[in-house]
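Structural overview for review
One-letter residues, chain by chain:
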Amino acid sequence: MHEKLERQFGSQRAATGVRSPEQIMEVWTSEKGDWTMVVTYSTGTSCIVAMGQDWFTHADADPARG
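We now turn to the structure provided with this report. (Residues numbered from 1 in each chain as written. Predicted model: local features only at pLDDT ≥ 70, side-chain atom pairs only at ≥ 80, totals over all residues. Heavy atoms only, no water.)

1. Examining the overall build of the chain
Which entries qualify depends on this criterion: Numbered from the N terminus, helices here are DSSP runs of H or I no shorter than four residues, and strands are runs of E no shorter than two. Partly exposed residues are those whose accessible area sits between 20% and 50% of the maximum for their type, while under 20% is buried and over 50% is exposed, using a 1.4 Å probe and protein chains only. The contact definition used throughout considers only heavy atoms, calling two residues in contact when any of these lie within 4.5 Å.
Helices and strands together make up the secondary structure of the chain, namely one helix and four strands. The secondary structure elements of the chain, listed N-terminal to C-terminal, are α-β-β-β-β. Scored against the burial criterion, the 66 residues of the chain give a buried share of 21%. Long-range pairs, those at least 24 residues apart, make up 12% of the contacts in the chain with a sequence separation of at least 6.

2. What to know about the sheet that holds strand β2 (residues 23–30)
Inclusion rule: Note: two strands are recorded as paired if DSSP finds a minimum of 2 bridges between them. Fitted lines through C-alpha atoms serve as axes, helices being fitted only where they are in contact, and the angles separating the N-to-C directions of these axes extend from 0 to 180 degrees.
Within the open sheet, the four strands sit side by side as β1-β2-β3-β4. Their pairing is antiparallel. The sheet is open, and its two borders are formed by β1 (11–20) and β4 (46–52), each paired with just one other strand. Across this sheet, the average inter-strand angle for adjacent strands is 20 degrees, counted without regard to direction. As paired strands, β1 and β2 are joined by eight bridges and run antiparallel to one another. Residue Ala15 lies in a different strand from β2, and its bridge partner there is Val27. Across the sheet, helix α1 (residues 2–9) touches β1, β2 and β3 (35–41), and the angle it forms with β2 is around 10 degrees.

3. A look at a nonpolar patch on the surface
The line we're drawing: Patch definition: residues above 30% relative accessible area lacking any salt bridge, with like charges linked at up to 9 Å and the nonpolar side chains Val, Leu, Ile, Met, Phe, Trp and Tyr linked at up to 5 Å. Every accessible area reported is derived by Shrake-Rupley at a probe size of 1.4 Å, with residue values counting cover from the shown protein chains alone. Any carboxyl oxygen of Asp or Glu that lies within 4 Å of a side-chain nitrogen of Lys or Arg is treated as forming a salt bridge with it.
Residues Met1, Ile48 and Met51 make up a contiguous nonpolar surface patch of about 290 Å² in total accessible area. Relative to the assigned elements, Met1 resides in the segment before α1.

Written as structure tokens, this is what we have:
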């Protein structure tokens, strides 16, 4: 799936987070603003759970300080 997102859609992984001990969530974005959310299970299976347009990245001044 990663190769298809990179090659076919021109996407790059923008964020990764652990959803549970058995799941990893990833957000893939493209320069056009398209985004794709992927969940990967510990079995190695990956599924697209959401897609959209107009992705914007917001930079926090210091997220650790709240």
